[in-house]
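# Structural overview for review
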Amino acid sequence: FPSHDMSRHRMGQHAAQLGKRKLVSITPAGEKMEQDEAFEFIEADVIDLPFPDKSFDFIICKDMLEHVPDIEKAFKEISRVGKAGFIDVPRLTSEWLWPQGDIHEWVFHEEGDQIVARSVKDFKSPFGRLMHDAFRDSKEMQRAWSLSRLYFHLCRFWKDEVTVKIDGHVLDFVH
């Protein structure tokens, strides 16, 4: 997985929140009962997951696969440990308008039913950071993005196995 610094907006932010929580139940008599419930937080590398085959009924991979250097191994591991799942990854339009090449390794598109990954190495958006600034400063832009997320992200449910085809660099695709 990329270094912690490169994924600063993804890693470690949830461990403290998931550490403990209170489970509150109300008895039929209206009596409130509270008990501490602890969570186990496991940090693992998606290309070498420490779980038995098909140990999860459903896996959600949202906004993380674009950071993985060995995307093919990541897809194989997800398929190995999961029975089904959901993947949400950025499309080329996202990288074009909101470039993340400093922390992203990949963008994705579809060819029929196949998910295709392209490297963003050496890709420079003609818009630079313009859209980042507009998004940060505009509630209207944030709302427009949330309403049109599928233009910018590839979202796919899968069952049994999910695969990726690696097809060169974004620069090869764009020119």
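Residues numbered from 1 in each chain as written. Predicted model: local features only at pLDDT ≥ 70, side-chain atom pairs only at ≥ 80, totals over all residues. Heavy atoms only, no water.

## Considerations on the confidence of the model for the chain
Looking at the chain as a whole, the pLDDT averages 81, with 82% of positions reaching at least 70. Helix H2 (residues 71-81) holds the highest mean pLDDT among the elements of the chain, 96, whereas helix H1 (residues 15-18) holds the lowest, 50. Low pLDDT (under 50) marks residues 1-15, which in the prediction has 24 contacts with non-local residues, meaning those over four places away or in another chain. (pLDDT = per-residue confidence, 0-100. Helix = DSSP H or I, 4+ residues; strand = E, 2+ residues; numbered from the N terminus. Contact = heavy atoms within 4.5 Å.)

## Remarks on the environment of Val164
Take Val164: it is sitting in strand S8 (residues 164-169). Judged by its relative accessible area of 12%, Val164 is buried. For the pair Val164 and Ile115, spaced 49 residues apart in sequence, the C-alpha separation works out to 5.1 Å. Those residues in contact with Val164 that lie beyond four places of it in its chain are Ile71, Glu72, Phe75, Phe108, Gln114, Ile115, Val116 and Ala117. (Buried < 20%, exposed > 50% of the residue type's maximum accessible area, 1.4 Å probe, protein only.)

## Notes on the nonpolar core
Inside soluble globular proteins, nonpolar side chains tend to come together where they are buried. Judged by nonpolar contacts, the single largest core of 22 residues is most densely connected at Leu65, Ile71, Phe75, Ile78, Ile87 and Phe108. For this core, the elements supplying multiple residues, two or more each, are strand S3 (59-62), H2, strand S4 (84-90), strand S5 (106-111), strand S6 (114-119) and strand S7 (153-159). The greatest single-element share of this core, amounting to five residues, is contributed by H2. Look past the residues within four positions of Leu65 in its chain and what remains in contact with it is Ile71, Ala74, Phe75, Ile78, Ile87, Val89, Trp106 and Phe108. Counting five residues, the second-largest nonpolar core is a separate cluster that includes Leu92, Val107, Val120 and Val170. (Core = buried A, V, L, I, M, F, W, Y, C linked by side-chain atoms within 4.5 Å.)

## Section: the side chain of Ser125
Summarising the element assignment, Ser125 is placed in the loop between S6 and helix H4 (130-137). Taking relative accessible area as the criterion, Ser125 reaches 12% and is therefore assigned buried. In terms of polar contacts, Ser125 uses its side chain to reach the backbone carbonyl oxygen of Trp96, at 2.4 Å. Within the local environment of Ser125, its side chain forms a polar contact with the backbone nitrogen of Phe127, the two atoms lying 3.0 Å apart. Apart from residues no more than four positions distant in its own chain, Ser125 is found in contact with Glu95, Trp96 and Pro99. (Polar contact = N/O pair within 3.5 Å; in protein donor to acceptor, adjacent residues only side chain to side chain.)

## Details of the sheet that holds S8
Taken in spatial order, the three strands of this open sheet run S5-S6-S8, and their pairing is mixed. Bordering the open sheet on either side are S5 and S8, each of which pairs with just one other strand. Along the sheet, successive strands turn relative to each other by an average axial angle of 30°, direction set aside. Of the pairings in the sheet, the one linking S5 to S6 comprises six bridges and is antiparallel in character. By the bridge assignment, Glu110 is partnered in S6 with Ile115. Its contacts with the sheet place H2 against S5, S6 and S8, and it is angled at close to 170° to S8. (Pairing = 2+ DSSP bridges. Axes fitted to C-alpha atoms, helices over the stretch in contact; angles between N-to-C directions.)

## Points about the packing of aromatic side chains
Summed over the entire model, instances satisfying the criterion amount to five aromatic pairs. Between Phe86 and Phe157, the ring centres sit 4.9 Å apart and the planes meet at 50°, which makes this aromatic pair tilted. Highlighted residues: Phe86 in strand S4 and Phe157 in strand S7, separated in sequence by 71 residues. Residue classification places Phe86 among the buried positions, given a relative accessible area of 17%. You can call Phe157 exposed: its relative accessible area is 61%. (Phe/Tyr/Trp six-rings, centres within 6.5 Å; stacked < 30°, edge-to-face > 60°.)

## A look at the pattern of salt bridges
One pass over the full model with this rule turns up eleven salt bridges. Ionic pairing is found between Lys62 and Asp63, a salt bridge with its closest N-O pair at 2.8 Å. With relative accessibility at 43%, the residue Lys62 sits in the partly exposed group. Put simply, Glu77 and Arg80 hold a salt bridge, and the shortest N to O gap is 2.7 Å. Here the residue Glu77 and the residue Arg80 both occupy positions in helix H2, the gap between them amounting to three residues, near one helical turn. A network of salt bridges, in which partner residues are shared, links Asp53, Glu77 and Arg80. (Salt bridge = Lys/Arg side-chain N within 4 Å of Asp/Glu carboxyl O.)

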